[in-house]
Amino acid sequence: MSSWHVGAGALAAYVDRGLDGVQRASVEAHLARCTSCRGALADTGGGAFGAVSCDRLWDRIETR
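Since this is a predicted model, take the numbers as computed values, not measurements. (Residues numbered from 1 in each chain as written. Predicted model: local features only at pLDDT ≥ 70, side-chain atom pairs only at ≥ 80, totals over all residues. Heavy atoms only, no water.)

Participant: Teacher, can you tell me more about the pattern of salt bridges here?
Facilitator: Summed over the entire model, instances satisfying the criterion amount to one salt bridge. One salt bridge connects E28 with R24, and the closest N-O pair in it is separated by 3.6 Å. One end of the pair is E28 and the other is R24, both in helix 2 (residues 21-33) and four residues apart, which spans about a single turn. (Salt bridge = Lys/Arg side-chain N within 4 Å of Asp/Glu carboxyl O. Helix = DSSP H or I, 4+ residues; strand = E, 2+ residues; numbered from the N terminus.)

Participant: Is there a simple way to explain the packing of helix 2 against helix 3 (residues 35-43) in this structure?
Facilitator: Packed helix pairs are specified by the crossing angle of their axes together with the interaxial distance, meaning the distance between the axes. Where helix 2 contacts helix 3, the two axes come as close as 6 Å, and the packing angle between them is 110 degrees. Here helix 2 lies roughly perpendicular to helix 3, going by the angle between them. On helix 3, the residues that touch H30, L31, A32 and R33 of helix 2 are T35, C37, R38 and L41. For the contact of helix 2 with helix 3, the residue count by class is four nonpolar, two polar and two charged. (Axes fitted to C-alpha atoms, helices over the stretch in contact; angles between N-to-C directions. Parallel < 35°, antiparallel > 145°, perpendicular 65-115°, else oblique. Contact = heavy atoms within 4.5 Å. Nonpolar A, V, L, I, M, F, W, Y, C, P; charged D, E, K, R; others polar.)

Participant: Would you mind going over the nonpolar core with me for this structure?
Facilitator: Looking at soluble globular proteins, one finds that nonpolar side chains tend to be buried together. If you look at the biggest cluster of nonpolar residues, it comprises 11 residues: V6, L11, Y14, V15, L19, V27, L31, C34, C37, L41 and L57. For this core, the elements supplying multiple residues, two or more each, are helix 1 (8-15), helix 2 and helix 3. (Core = buried A, V, L, I, M, F, W, Y, C linked by side-chain atoms within 4.5 Å. Buried < 20%, exposed > 50% of the residue type's maximum accessible area, 1.4 Å probe, protein only.)

Participant: How should I be thinking about a positive patch on the surface in this particular structure?
Facilitator: Together, R17, R56, R60 and R64 line one region of the surface with positive charge. Tracing the chain through its elements places R56 in helix 4 (residues 54-63). (Patch = residues over 30% accessible without salt bridge, like charges linked within 9 Å, V, L, I, M, F, W, Y side chains within 5 Å. Areas by Shrake-Rupley, 256 points an atom, 1.4 Å probe, with all protein chains shown as cover. Lys, Arg positive; Asp, Glu negative; His and termini not counted. Charge placed at Lys NZ, Arg CZ, Asp CG, Glu CD.)

Here you go:
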């Protein structure tokens, strides 16, 4: 497991779709293996999507 975690600012930018493609891919790759950061993402509110459901988010990613 990496010692790096997605910071609150990056998670907020991720939720608000404020990251470029490379940054989004990096965050998503990390989220795939880090339960701590997935929990932090689930706890975020506001932004473009309101509260984020990780299950719903991953379903959309897998569909695409």
